[in-house]
Amino acid sequence: MYRFLLTPRWWGINLFAVLAIPLCVFMGTWQLGRFEDRVQSHEQAAKQPAPGARAAEPLDDLLPVDTVTSGRPATATGRYADQFLVPGRELDDKSGFYVLNMLRTDDGKALPVVRGWLPGRPGHTPVPAAPTGEVTVTGDLQASENTGTDGVDTAGGLPDGQLGMISAASLVNLVPYDVYDAWVTLQDTDSSGDAEDGALRPVPAVAPQGSGLDLKAFQNLGYTGEWFVFAAFVLFMWFRLVRREAEAARDVRLGLVPDAGTDADAGTDADAGTRTA
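Caption draft 1: Representation of a negative patch on the surface in the model. Together, Asp 60, Asp 61, Asp 106, Asp 107, Glu 134 and Asp 178 make up a negatively charged patch on the protein surface. In this fold, Asp 106 is placed in the loop between β3 (94–105) and β4 (110–119). Its relative accessible area of 70% is what places Asp 106 among the exposed residues.

Written as structure tokens, this is what we have:
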């Protein structure tokens, strides 16, 4: 009854099922592992004190930035150099821009320092001058931004002195010195008064991407279910096709359905008899 499984057509169907089901199971397991990793990182972060509440450490001791060091207070000493304005950044649902200065350290490498946020548009709002001379800054460490970061401008065409994305990759083309692959945001802006009066407001640090129970974590869980459903669907369709083929073969054997080959032979004999007559 099941000899049809050895026909060339069914070899193709069987091969597809044998390859598709393990692939779906593997992808579902991989997505489930990604979800479990995010849950674990969220639980570990919940057990640790808030990054901003820890004691400040030298910048070099916290690099490279990862899910553990992101948000930690870092200290660096140097002199402020080039200044850039980062447009299109919101704070408390208000549109404004970041004021970013490059801090040249003793080794010549520069650290991007976001001194604060101001409302309005760059070039139309007065910007407080950066401190002169050697300074020691303490700010919350952040990883370089990417195209998926909120507020990033990847369209280009910004005026001179403006920056769409805070990253070493974008800054290295604008300054003649090496840049740290990280930046800090100052929580003490050394300004008094409200931002509407021209005072810088501190930019809060954000959690690192890919950590915690964010939307992506539940997307991983949803993808897990989809891949397992795909595997079950392929298996169901294979059994359904096998059952339908087996029932068709049984009906032919019992004579409930004329065999296509028998019908063809009968038709040939009838035609031959007619011609003879």
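Caption draft 2: Structural context of the nonpolar core. By size, the foremost hydrophobic cluster in this structure holds 18 residues, and its most contacted members are Phe 84, Tyr 98, Leu 100, Met 102, Val 114 and Ile 166. Grouped together as the second largest cluster of nonpolar side chains are 16 residues, Ala 74, Val 113, Val 137 and Ala 182 included.

Caption draft 3: Broad picture of the pairing of strand β6 (residues 183–186). Alternating positions in β6 separate into two faces, Trp 183 and Thr 185 on one and Val 184 and Leu 186 on the other, with burial throughout. With two bridges connecting them, β4 and β6 associate as parallel partners. Looking across to β6, one finds that Val 114 is bridged to Thr 185. Here strand β5 (residues 134–142) runs beside β6; their pairing, made up of four bridges, is antiparallel. In the strand pairing of β6, Gln 142 is matched with Trp 183.

Caption draft 4: Layout of the confidence of the model for the chain. Considering every residue of the chain, the mean pLDDT works out to 83; 82% of them sit at 70 or more. Scored below 50 in pLDDT, residues 261–272 shows one contact in the model against residues more than four places distant or in partner chains.

Caption draft 5: Here's a closer look at unusual backbone geometry. Following Leu 63, the chain continues into Pro 64 via a peptide bond in cis, with omega recorded as -5°. For Pro 64, the position within the fold is in the loop between α2 (59–62) and β2 (73–91). In this structure, Asp 92 takes a positive phi of about 55° despite not being glycine. By the secondary structure assignment, Asp 92 is in the loop between β2 and β3. When its relative accessible area of 53% is taken as the criterion, Asp 92 is described as exposed. Phi at Asp 93 is positive, roughly 65°, even though this residue is not glycine.

Caption draft 6: Fine view of the environment of Pro 64. Classification of Pro 64 by relative accessible area gives exposed; the value is 65%. Between the C-alpha atoms of Pro 64 and Asp 181, which are 117 residues apart in sequence, the distance is 7.8 Å.

Caption draft 7: Representation of the side chain of Asn 101 in the model. Residue position: Asn 101 is located in strand β3. Looking at Asn 101, its side chain comes within polar contact range of the side chain of Arg 115, at 3.0 Å. Residues contacting Asn 101, with those up to four places away along its chain left out, are Tyr 80, Ala 81, Asp 82, Gln 83, Leu 111, Pro 112, Val 113, Arg 115 and Ala 130.

Caption draft 8: Quick look at the environment of Trp 117. For Trp 117, the position within the fold is in strand β4. In this structure, the C-alpha to C-alpha distance between Trp 117 and Ser 95, residues 22 residues apart in sequence, is 9.7 Å. At 3.0 Å, the side chain of Trp 117 forms a polar contact with the backbone oxygen of Arg 89.

Caption draft 9: Quick look at a nonpolar patch on the surface. On the surface, a cluster of nonpolar side chains totalling about 310 Å² of accessible area is made up of Leu 15, Val 18 and Leu 19. Tracing the sequence through the fold places Val 18 in helix α1 (residues 8–47).

Caption draft 10: Here's a closer look at the packing of aromatic side chains. What the rule picks out here adds up to three aromatic pairs. Geometrically, the ring pair formed by Trp 227 and Phe 230 is edge-to-face, given 5.8 Å between the ring centres and 85° between the ring planes. With Trp 227 and Phe 230 both in helix α4 (residues 215–254), this residue pair falls three residues apart, about one helical turn. Classification of Trp 227 as partly exposed rests on a relative accessible area of 25%. Residue classification places Phe 230 among the partly exposed residues on the basis of a relative accessible area of 41%.

Thresholds applied
Residues numbered from 1 in each chain as written. Predicted model: local features only at pLDDT ≥ 70, side-chain atom pairs only at ≥ 80, totals over all residues. Heavy atoms only, no water. Patch = residues over 30% accessible without salt bridge, like charges linked within 9 Å, V, L, I, M, F, W, Y side chains within 5 Å. Areas by Shrake-Rupley, 256 points an atom, 1.4 Å probe, with all protein chains shown as cover. Salt bridge = Lys/Arg side-chain N within 4 Å of Asp/Glu carboxyl O. Lys, Arg positive; Asp, Glu negative; His and termini not counted. Charge placed at Lys NZ, Arg CZ, Asp CG, Glu CD. Helix = DSSP H or I, 4+ residues; strand = E, 2+ residues; numbered from the N terminus. Buried < 20%, exposed > 50% of the residue type's maximum accessible area, 1.4 Å probe, protein only. Core = buried A, V, L, I, M, F, W, Y, C linked by side-chain atoms within 4.5 Å. Pairing = 2+ DSSP bridges. pLDDT = per-residue confidence, 0-100. Contact = heavy atoms within 4.5 Å. Polar contact = N/O pair within 3.5 Å; in protein donor to acceptor, adjacent residues only side chain to side chain. Phe/Tyr/Trp six-rings, centres within 6.5 Å; stacked < 30°, edge-to-face > 60°.

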